[in-house]
Amino acid sequence: MPTNEKEYNGYLFDQLALLKRLERVAQATKADEVLKEIAFEREFIEQKLYQKPLLTSE
């Protein structure tokens, strides 16, 4: 489990990178349902990543 916000953000960026790789395959195979699910998951990850206010105050 991440111990600080920087580490947590790195974890979220890793998740986005994974979704991008899955999206590439889904587009190549024309898997529309998978593309919809990837977009749905990406929205949740981006909400966490770009939230205001930040998790910690400095």
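Small disclaimer: the values here were computed from a predicted structure and weren't measured.

Rules used throughout
Residues numbered from 1 in each chain as written. Predicted model: local features only at pLDDT ≥ 70, side-chain atom pairs only at ≥ 80, totals over all residues. Heavy atoms only, no water. Helix = DSSP H or I, 4+ residues; strand = E, 2+ residues; numbered from the N terminus. Buried < 20%, exposed > 50% of the residue type's maximum accessible area, 1.4 Å probe, protein only. Contact = heavy atoms within 4.5 Å. Areas by Shrake-Rupley, 256 points an atom, 1.4 Å probe, with all protein chains shown as cover. Core = buried A, V, L, I, M, F, W, Y, C linked by side-chain atoms within 4.5 Å. Axes fitted to C-alpha atoms, helices over the stretch in contact; angles between N-to-C directions. Parallel < 35°, antiparallel > 145°, perpendicular 65-115°, else oblique. Left-handed = near helix turned anticlockwise from the far one by under 90°. Nonpolar A, V, L, I, M, F, W, Y, C, P; charged D, E, K, R; others polar. Phe/Tyr/Trp six-rings, centres within 6.5 Å; stacked < 30°, edge-to-face > 60°.

S.K.: Looking at this structure, I do not really get the overall build of the protein chain. What am I missing?
M.R.: Helix and strand counts for the protein chain stand at two helices and zero strands. A total of 58 residues make up the protein chain; the buried ones form 16% of that total. Excluding contacts between residues fewer than 6 apart, the proportion of contacts in the protein chain whose partners are at least 24 apart in sequence is 53%. About 4,900 Å² of surface is accessible on the protein chain, with carbon and sulfur atoms providing 57% of the total.

S.K.: Even after reading the chapter, I still don't get the nonpolar core, so can you show me in this structure?
M.R.: If you look at soluble globular proteins, the nonpolar side chains tend to sit buried side by side. Counting seven residues, the largest nonpolar core is built from L12, L16, L19, A26, I38, I45 and L49. Element by element, the count of residues in this core is highest for helix α1 (residues 5–28), at four residues. Filtering out sequence-adjacent residues up to four positions away, L16 remains in contact with R42, I45, E46 and L49.

S.K.: Even after reading the chapter, I still don't get the packing of α1 against helix α2 (residues 32–49), so can you show me in this structure?
M.R.: Helix packing for two helices is described by the angle between their axes and how far apart those axes are. Here α1 crosses α2 at 165 degrees, and the two axes come no closer than 10 Å. Between α1 and α2, the crossing angle belongs to the class labelled roughly antiparallel. When you trace α1 past α2, the crossing you get is left-handed. Contacts between α1 and α2 involve Y8, N9, L12, F13, Q15, L16, L19, K20, L22, E23, A26 and Q27 from the first element and V34, L35, I38, E41, R42, I45, E46, K48 and L49 from the second. A per-class count over the contact of α1 with α2 returns twelve nonpolar, three polar and six charged.

S.K.: Please clarify how the packing of aromatic side chains should be interpreted in this entry.
M.R.: Centre-to-centre distance and the angle between the planes together describe a pair of aromatic rings. Applying the stated criterion across every chain yields a total of two aromatic pairs. Centroid distance F40 to F44: 4.9 Å. Interplanar angle 85 degrees. Geometry classified as edge-to-face. Of this pair, F40 and F44 both sit in helix α2, four residues apart, roughly one helical turn. Since its relative accessible area comes to 43%, F40 is described here as partly exposed. A relative accessible area of 39% means that F44 is categorised as partly exposed.

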